[in-house]
Amino acid sequence: MNNKTLAILKPDCLKRNLTGKVIDFILNKGFTIKAMKQLHLTEPEAERFYAVHKGKDFYDELIEYMSSGPCIPMVLEKENAVETFREIIGTTDPKEAAENTLRRLYAKTTQRNTVHGSDSDENAQKEIAFFFPL
Ligand code: UDP
Ligand code: MG
């Protein structure tokens, strides 16, 4: 599955009407959208998705934010999808992100950083199954 990754357009992306721009950016980088939907995560669902961060100081606010409005998860396909998508979104803190990365272009804060991308092939597989179970 090293040609697939899970992306999420986070609630701030939808609230600020950046959905079209972000999808355009992703397609222009050569990714194919294999699946996509819009949903509003409940707090328990956000907790399950971000279970790996439970106990960290930013966890409670992250859960609150991710369940604050609708988001758009999508399955993206490209060679080396996980690594390549992480490159085009930029670092977690948008202030440190490289120029012409999605977070540098659009994100305002470390928490509301506009997009999620899986960080390994193993997690991509788990995250895809979370949002798009067969
Ligand atoms: N986050 C935060 N404060 C932090 C670190 C992370 O609010 O100090 C949020 C942010 O939305 C980030 C998410 O928690 O995207 C998951 O954190 P992770 O370290 O996995 O960053 P990512 O893989 O998304 O770059
Ligand atoms: Mg992460």
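Scroll up for the structure.
What counts and how
- Residues numbered from 1 in each chain as written.
- Chains lettered and ligands numbered in written order.
- Predicted model: local features only at pLDDT ≥ 70, side-chain atom pairs only at ≥ 80, totals over all residues.
- Heavy atoms only, no water.
- Near = heavy atom within 4 Å.
- Polar contact = N/O pair within 3.5 Å; in protein donor to acceptor, adjacent residues only side chain to side chain.
- Areas by Shrake-Rupley, 256 points an atom, 1.4 Å probe, with all protein chains shown as cover.
- Nonpolar A, V, L, I, M, F, W, Y, C, P; charged D, E, K, R; others polar.
- Pairing = 2+ DSSP bridges.
- Helix = DSSP H or I, 4+ residues; strand = E, 2+ residues; numbered from the N terminus.
- Axes fitted to C-alpha atoms, helices over the stretch in contact; angles between N-to-C directions.
- Contact = heavy atoms within 4.5 Å.
- Buried < 20%, exposed > 50% of the residue type's maximum accessible area, 1.4 Å probe, protein only.
- Arc of directions from axis to C-beta.

Visitor: Can you help me understand the site of ligand 1 in this one?
Guide: Around ligand 1 sit Lys10, Tyr50, His53, Phe58, Leu62, Arg86, Thr92, Arg103, Thr110, Gln111 and Asn113, and those are all the residues in its vicinity. Contact distances for ligand 1 include 2.9 Å between an oxygen atom and a side-chain N or O atom of His53. Contact with the protein chains covers 78% of the free accessible surface of ligand 1, which is 500 Å². Of the residues assigned to the shell around ligand 1, the class counts are three nonpolar, five polar and three charged.

Visitor: In this structure, what is going on with the sheet that holds strand β2 (residues 32-36)? I would like to understand it.
Guide: Sheet strands associate in pairs through backbone hydrogen bonding, adopting either a parallel or an antiparallel arrangement. Ordered in space as β2-β3-β1-β4, the four strands form an open sheet in which the pairing is antiparallel. Every interior strand has two partners, whereas the edge strands, β2 and β4 (115-117), have only one. Within this sheet the neighbouring strands show an average axis-to-axis angle of 30°, counted without direction. The sheet contact formed by β2 and strand β3 (residues 72-77) spans four bridges and is antiparallel. Its bridge partner being in β3, Ile33 is matched across the sheet by Leu76. Here helix α7 (residues 121-131) sits on the sheet and contacts β1 (4-9), β3 and β4; the angle it forms with β1, its principal contact strand, is near 55°.

Visitor: I tried to follow the pairing of β3 on my own but got confused; where do I start?
Guide: Every other side chain in a regular strand lies on the same face of the sheet, so the side chains alternate between the two faces. Among the six residues in β3, five count as buried, and that is most of the element. The pairing of β1 with β3 spans six bridges and is classified as antiparallel. Within β3, the residue paired with Leu9 across the bridge is Ile72.

Visitor: Before we go on, may I ask you to explain helix α4 (residues 59-66) in this structure?
Guide: Every α-helical turn comprises 3.6 residues, leaving residues that sit three or four positions apart pointing alike. Looking only at α4, the buried set comprises Tyr59, Leu62, Ile63, Tyr65 and Met66. One face of α4 carries all of its buried residues, which in axial projection span an arc of 165°. When the buried face of α4 is taken as reference, the exposed residues oriented beyond 90 degrees from it are Asp60, Glu61 and Glu64. Packed against the buried residues of α4 are β1, α1 (11-15) and α3 (43-49).

Visitor: What is the right way to look at helix α2 (residues 19-28) in this model?
Guide: If you check which residues of α2 are buried, you get Thr19, Val22, Ile23, Phe25 and Ile26. Around the axis of α2, the buried residues are gathered within 155° of arc, so they sit on the same side. Across α2 from its buried face, at more than 90 degrees, point the exposed residues Lys21 and Asn28. Backbone geometry just after α2 places Gly30 at a positive phi near 95°.

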